[in-house]
Number of protein chains: 2
Amino acid sequence: MTKNRIISGVLGVMAGLLVTVIFFADFNQSDNTANADNKSNAQKVYVAPGEHDDYYLMASGGHSGQLFVYGLPSMRLIRQVPVFSPDPATGYGFDDKTKEMLNGYKWGDFHHPSISETDGEYDGRALFATDVGNNRAAYVDLETFHTTDILEIPNIAGPHCAAFVTPDSEYLFLPTRFSVPLGDEFTGLDEYSEKYKGVMSAVKPDFENNTLEVAYQVILPPWAYDLSDAGKGASDGWGFLSTYNTEEATTTLEINASKNDRDYIVMFDWEQISEEVEAGNYEELNGTKMFDPIEHPGSVYLVPAPKSPHGVDVTPDGAHFIANGKLSPTTTMFSVEKAFEAIKNEDFQGEAQGFPVLTYESVVDKEVEVGLGPLHTQFDDKGNAYTTLFIDSQVVKWNLESGKVVDKEEVSYSPGHLAAVEGDTANPGGNWLVSLNKIAKDQYLSVGPSHPESMDLIDISGETMEVVGSAPSQPEPHYAQIINADKIKTTEVFEKDEGRENAVWNKEDAHIERDGDDVHVYGIAMRSQFVFDANSESPDAVTVKEGDTVHFHITNIDRDQDITHGMGINGYNENFEIQPGETKTLTVEADESGTFPIYCTNFCSALHQEMTGYLLVEPE
Amino acid sequence: MTKNRIISGVLGVMAGLLVTVIFFADFNQSDNTANADNKSNAQKVYVAPGEHDDYYLMASGGHSGQLFVYGLPSMRLIRQVPVFSPDPATGYGFDDKTKEMLNGYKWGDFHHPSISETDGEYDGRALFATDVGNNRAAYVDLETFHTTDILEIPNIAGPHCAAFVTPDSEYLFLPTRFSVPLGDEFTGLDEYSEKYKGVMSAVKPDFENNTLEVAYQVILPPWAYDLSDAGKGASDGWGFLSTYNTEEATTTLEINASKNDRDYIVMFDWEQISEEVEAGNYEELNGTKMFDPIEHPGSVYLVPAPKSPHGVDVTPDGAHFIANGKLSPTTTMFSVEKAFEAIKNEDFQGEAQGFPVLTYESVVDKEVEVGLGPLHTQFDDKGNAYTTLFIDSQVVKWNLESGKVVDKEEVSYSPGHLAAVEGDTANPGGNWLVSLNKIAKDQYLSVGPSHPESMDLIDISGETMEVVGSAPSQPEPHYAQIINADKIKTTEVFEKDEGRENAVWNKEDAHIERDGDDVHVYGIAMRSQFVFDANSESPDAVTVKEGDTVHFHITNIDRDQDITHGMGINGYNENFEIQPGETKTLTVEADESGTFPIYCTNFCSALHQEMTGYLLVEPE
């Protein structure tokens, strides 16, 4: 209060000058190119109505199984894209095509997204996702933000240490967190060290058809593979994996998997392995090509790293890889050049499960005392690294060349991963960093015993970091990638493909065909009606008999931006959306007689409420 | 640029003084009580990291079936609360209790939320939800943000015109959008006018047990009931419903349900109906008490209203009700006093489906020319109404007393409902209004052919309105309510109830019991381990035989804020979360032999990755 009065006095004297100052302030506010330092934090994160964010943040949705797409710097959630779990809002997993793609899975655990790359930089074509819960990988087409393929992968359990894509998207590698008996046959835990294996899958994307396939798999020791990164530049052709539980414990891992002072970074030559497989050096197992690097040595090496490392991150130039020892106060920076030298000289300090262990001292570049619980590292464009400290609840900025800590910033709370603008590519942005925090606790209005996760937006454009914004995030962002908005080129309306199977493009052509007990409805959705049978007195009604199978083939002929229709059947537990110009098929069993209203579930016009019809099921 | 240089010059001279001014500015920024007019829009919506929003916005999630909880003014999505659809992230619909509650439904269409009221004001105890897709109502406990009960309601189709709660939460009324044959037996559309009925359900909340039950149902004409509101103050004891399709069309409603110049507002005396039912004046139908107001006249009246009204909204004092004629350029304000007078005097202009129609001219107070496509109205604390104009893409502010339009504000685009702070209660807030727009189109970074819906945040504290913020919203907010944050009192940790069924509170007490082919696991989850059997060498492993049924009863004994554990079974398509102090049961069939890793799916500590175990299924 006293302070206030003093200031008022000062201000009285300054009144005239203040007008000028306020004018300056206003002018500055409307200048979007103003130096960030002149802006308040509110202004830094504010994206005015109608204006667009500069970046997409693509966050894994963890045990929701879905992808969450945010805008930066506003941190507004733009869209939940269904990937590994059904989505009632869009009918993902309801219509025939996506139902087949999900294949009965009601849940997934989407851990790490990986945007496709060209020359080590995000190219905005696709995003790859991995499912730790049910051992799958997915292709998300970034032109439509549709999941276009889901690949079920045999012989593995929990591809946590994935996805990482190679610099030209040749492969997506999926090492696993859980080792299981090779070939999936039952084997007791007493034979763990001999018969359990960590199997890494090499998955090949097909950018023509927007699909994935398993190229081959690689047998690795029965350890837990945690995180990974692809080599690039100096290390192109190689991959790096962090491990824990090299103790090969099978119970109470909290204690038993933390006994060794050092675990390993696995470095492997994927170009060489690919050639070996190409040359026929593999065995078939459950339909995949299984490569055993013990039988064909020279492609897999181990580097000792501080106790239970979480992230292993390759620097933008590819010359170093950094292991974050989550139970050690340091991150360790290794030299790729030194590692190659050690391999050439067979400078090994021992072996583990048959693989050579490079001599630590020969490969290490520096150990950096960053703080407690380092988990994951990203990079800027000025030679700095940013590492999350889970236990200290901080992000630490440190210089790659000097190994000196430059700054620390508190986040709320317990950060796991972090994502900088294109911060894991060959060409990081250097302006924004998002800390993906595991605990939100008291940060937002409470929603009961369960809290959301949280994201802190950090301005890293200056020498020191500053948290300028905070947003709850949906469960559970394990990793995220931030891509320049101008790299994403979306389709707004699907092409009118006259040859498309089951499509009807004119209202007059809508008709119903019966084939035994199968009733095929070739219908359209348009503002503001369904037309199932143009020649009927009730064109928006479908009459069938109890016991029939009804196939609704519906085309949304409104080819206008943002005019999506939905089709729900009341009391029938079915709903699906049809985007502008899209055709979808929903198959339902008419197993109960009755009157079931059909209605548009996605608001489309002032007469949306009138966009209704009926499924009439006559008794047998 | 020139301007900038001039200002720089001025500033050079002022440098010393500026220090003082900046000090003042900083001080002022941290003053939360600063007059809103002095703040930039960025500042108005900014909630700094660590600070809390002032209000909860509870938005229906439409065809997602879920509740979306946002904070205002930041418009950050805090939580998706699962209500009518399964939720893989939390395991809602996976564990035994919620699986039984969802009863096989994979989809719902949550239209209108209704926060419980005391004396006509939100009391923050519960939120009621209705499912247009599958004819259900739900009780969401706002102490835990858990859905505690789902009620399947017979004899109805599409409770769109709901939920509205009476001023002391005596009842929740659910009139329907679709009329169907009474008793659900198959009847052709040719008998629509005679045999189809719109059935309204009176649902009674039980605040002790957090449950709902159907008190009785009321037979109404075969029209579409769109929106509703409860009387209060002068109109306490009455309810108001809007109707369309009083034409009783059964096909191509776009044309056929828009023929009459006027449809009706249904006003009904729920206190009288409740007494009639209490007195035994009902028939049993599919287990509910069905009241027919034609047989017991005097409780239901019709008021002519402009063509196809959408919202019907009762003013804060309860003295008027306002019908928004979506196909008319006006909203119509009716007088409750005049309506009562007309009823007393039998001042009827006719009848429809056996119900008296009050004389329009006797009941109308004023017609207000608001603009095109008026849909829904909310109120402030200064005698003003705010109506969405779907076609004009505007919100219009008009004065209740003068009937004059005060201001119009563009929104983006095509608003359906709108929500003001406690704007449908007896005591509206008057500072913020959120327009729930159906079309986002170009407002955010594109995510393909499908766009989110959008919300515009409007500052209504001044004479004119101003859109100050915009956020994408998740599918599809049909209605939302905004409640003062201090009215919500959440539980952070569940009580340690020693008598709770299936709970184990000490690690040492974890054990496994076999009962024939049923294996009961009484286990605990804690940082950072599962203990299923304290006396086993592998306390975190469960070994069963192929063909067994395994019941995991798991208690989270970490009774600390925000320490939720999850339990996923790899390759088993199962996951569920256990909040602090909670006990849950998951039942799985061990129908395939093999090794299935169990792991914590909800990050809980630095050793979360080590929180694993096994389900070992031995071959038969």
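Keep in mind that what you see is a predicted model, and the values were worked out from it rather than measured.

Participant: Explain the overall build of chain A to me, and be specific about the residues and the numbers.
Facilitator: Scanning chain A from N- to C-terminus turns up eight helices and 43 strands. Against the compact-globule benchmark of 25 Å for 620 residues, chain A has a radius of gyration of 28 Å, which places it among compact chains. Taking the principal axes of its C-alpha atoms as reference, chain A extends roughly 85 × 85 × 45 Å. For chain A, the proportion of its 620 residues judged to be buried stands at 68%. Intrachain contacts of chain A at a sequence separation of at least 6 include 59% that bridge at least 24 residues. Element-wise, carbon and sulfur atoms account for 44% of the exposed surface of chain A, whose accessible area totals about 20,400 Å².

Participant: Explain the interface of chain B and chain A to me, using residue names and the numbers behind them.
Facilitator: With 151 residues of chain B at the contact, the number on the chain A side is 154 residues. Summed over both sides, the interface of chain B with chain A buries roughly 12,900 Å², with 60% coming from carbon and sulfur. Applying the counting rule to chain B against chain A returns four salt bridges. Across the chain B-chain A interface, the total number found is 78 residue pairs in polar contact (both at pLDDT 80 or more). Here the residues of the side of chain B that touches chain A sort into 69 nonpolar, 56 polar and 26 charged.

Participant: Give me the environment of A:Glu143: which residues, what numbers.
Facilitator: Along the polypeptide, A:Glu143 turns up in the loop between β6 (136-141) and β7 (146-152). Residue classification places A:Glu143 among the partly exposed residues on the basis of a relative accessible area of 40%. Counting along the chain gives 140 residues from A:Glu143 to A:Glu283, while the straight-line C-alpha distance between them is 38 Å. Residues within four places of A:Glu143 in sequence aside, it is in contact with A:Arg125, A:Lys489, A:Thr490, A:Thr491 and B:Gly448. Separated by 2.7 Å, the side chains of A:Glu143 and A:Thr491 make a polar contact.

Participant: Go over the UniProt feature "domain: Cytochrome oxidase subunit II copper A binding" (unreviewed entry) in chain A, please, and point to the residues and values.
Facilitator: According to UniProt, the "domain: Cytochrome oxidase subunit II copper A binding" (unreviewed entry) feature falls on residues 516-620 of chain A. Within residues 516-620 of chain A, the helical portion is 0% and the strand portion 52%, while the C-alpha atoms at the span's ends are 15 Å from each other.

Participant: Let's hear about the sheet that holds strand β25 (residues 374-379) of chain A: which residues, and what values?
Facilitator: Residues and elements named next belong to chain A. On the basis of which strands lie adjacent, the open sheet formed by four strands has the order β25-β26-β27-β28 and antiparallel pairing. A strand with exactly one partner marks an edge of an open sheet, and here the two such strands are β25 and β28 (405-410). Between one strand axis and the next, the sheet turns by 20° as a mean value, whatever way the strands run. Relative to strand β27 (residues 394-399), strand β26 (residues 384-389) is paired through six bridges, and the arrangement is antiparallel. Across the sheet, the residue bridging to leucine 389 is glutamine 394, located in β27.

Participant: Any chance you could break down the nonpolar core for me, citing the residues and the numbers?
Facilitator: Residues A:Leu57 and B:Leu57 are the most contacted members of the largest nonpolar core, which totals 40 residues. In contact with B:Leu57, not counting residues within four places along its chain, are B:Phe68, B:Val69, B:Tyr70, B:Leu72, B:Val434, B:Met455, B:Ala480, B:Gln481 and B:Ile482.

Participant: So what about helix α6 (residues 270-278) of chain B? Which residues, and what values?
Facilitator: One full turn of an α-helix is made of 3.6 residues, so residues set three or four places apart face in the same direction. Residue and element names in this part refer to chain B. Listed in full, the buried residues belonging to α6 are Trp270, Ile273, Ser274, Glu276 and Val277. Across the axial projection of α6, the buried residues extend over an arc of 160°, all falling on one side. Exposed side chains of α6 directed beyond 90 degrees from the buried face belong to Glu275 and Glu278. Just downstream of α6 lies glycine 280, where phi reads positive at about 95°.

Participant: Summarise the pairing of strand β23 (residues 355-358) of chain A; cite the residues concerned and give the values.
Facilitator: Residue and element names in this part refer to chain A. Relative to β23, strand β22 (residues 348-352) runs antiparallel, the two sharing four bridges. Opposite glycine 350, over in β23, you have valine 357 as the bridge partner. Counted along the chain from β22 to the antiparallel partner β23, the turn is two residues long, and its residue glutamine 353 has a positive phi close to 50°.

Participant: Give me the lowdown on the relation of the copies chain B and chain A, citing residues and values where you can.
Facilitator: Superposing chain B onto chain A takes a rotation of 180° plus a shift of 0.0 Å along the axis, which leaves an RMSD of 0.0 Å. Both copies of the chain, as the preceding transformation shows, are related through a two-fold rotation axis. Every residue of chain B has its C-alpha some distance from the rotation axis, and the shortest such distance is that of B:Ala42, at 2.7 Å. Of the interface residues in chain B, 100% have counterparts in chain A that sit at the interface too, so the contact is made through matching surfaces.

Participant: Tell me about helix α7 (residues 336-344) of chain A, residues and numbers included.
Facilitator: Residue and element names in this part refer to chain A. Along α7, the residues that are buried comprise Val336, Ala339, Ala342 and Ile343. Angular distribution of buried residues about the axis of α7 spans 120°; they occupy a single face of the element. Facing away from the buried side of α7 by more than 90 degrees, the exposed set consists of Glu337 and Lys344. Glutamate 346 sits one or two residues past α7 and shows a positive phi near 50°.

Participant: Let's hear about the sheet that holds strand β19 (residues 309-314) of chain A: which residues, and what values?
Facilitator: Residues and elements named next belong to chain A. Pairing in this open sheet of four strands is antiparallel, and the strands run β19-β20-β21-β24 from one edge to the other. What marks the edges here is a single partner per strand, and that holds for β19 and β24 (364-369). Strand after strand, the sheet turns through a mean of 20° between neighbouring axes, direction not considered. Pairing between strand β21 (residues 330-335) and β24: five bridges, direction antiparallel. Counted as the bridge partner of threonine 331 is valine 368 from β24. The sheet strands contacting α7 are β20 (320-325), β21 and β24, and the helix crosses β21 at an angle near 60°.

Thresholds, definitions, all that
Residues numbered from 1 in each chain as written. Chains lettered and ligands numbered in written order. Predicted model: local features only at pLDDT ≥ 70, side-chain atom pairs only at ≥ 80, totals over all residues. Heavy atoms only, no water. Helix = DSSP H or I, 4+ residues; strand = E, 2+ residues; numbered from the N terminus. Rg over C-alpha atoms; globule rule 2.2 N^0.38 Å. Buried < 20%, exposed > 50% of the residue type's maximum accessible area, 1.4 Å probe, protein only. Contact = heavy atoms within 4.5 Å. Areas by Shrake-Rupley, 256 points an atom, 1.4 Å probe, with all protein chains shown as cover. Buried area = accessible area lost by both parts, 1.4 Å probe. Salt bridge = Lys/Arg side-chain N within 4 Å of Asp/Glu carboxyl O. Polar contact = N/O pair within 3.5 Å; in protein donor to acceptor, adjacent residues only side chain to side chain. Nonpolar A, V, L, I, M, F, W, Y, C, P; charged D, E, K, R; others polar. UniProt positions renumbered as here; feature names shortened; annotations may be inferred. Pairing = 2+ DSSP bridges. Axes fitted to C-alpha atoms, helices over the stretch in contact; angles between N-to-C directions. Core = buried A, V, L, I, M, F, W, Y, C linked by side-chain atoms within 4.5 Å. Arc of directions from axis to C-beta. Least-squares fit on C-alpha atoms with pLDDT ≥ 70 in both.

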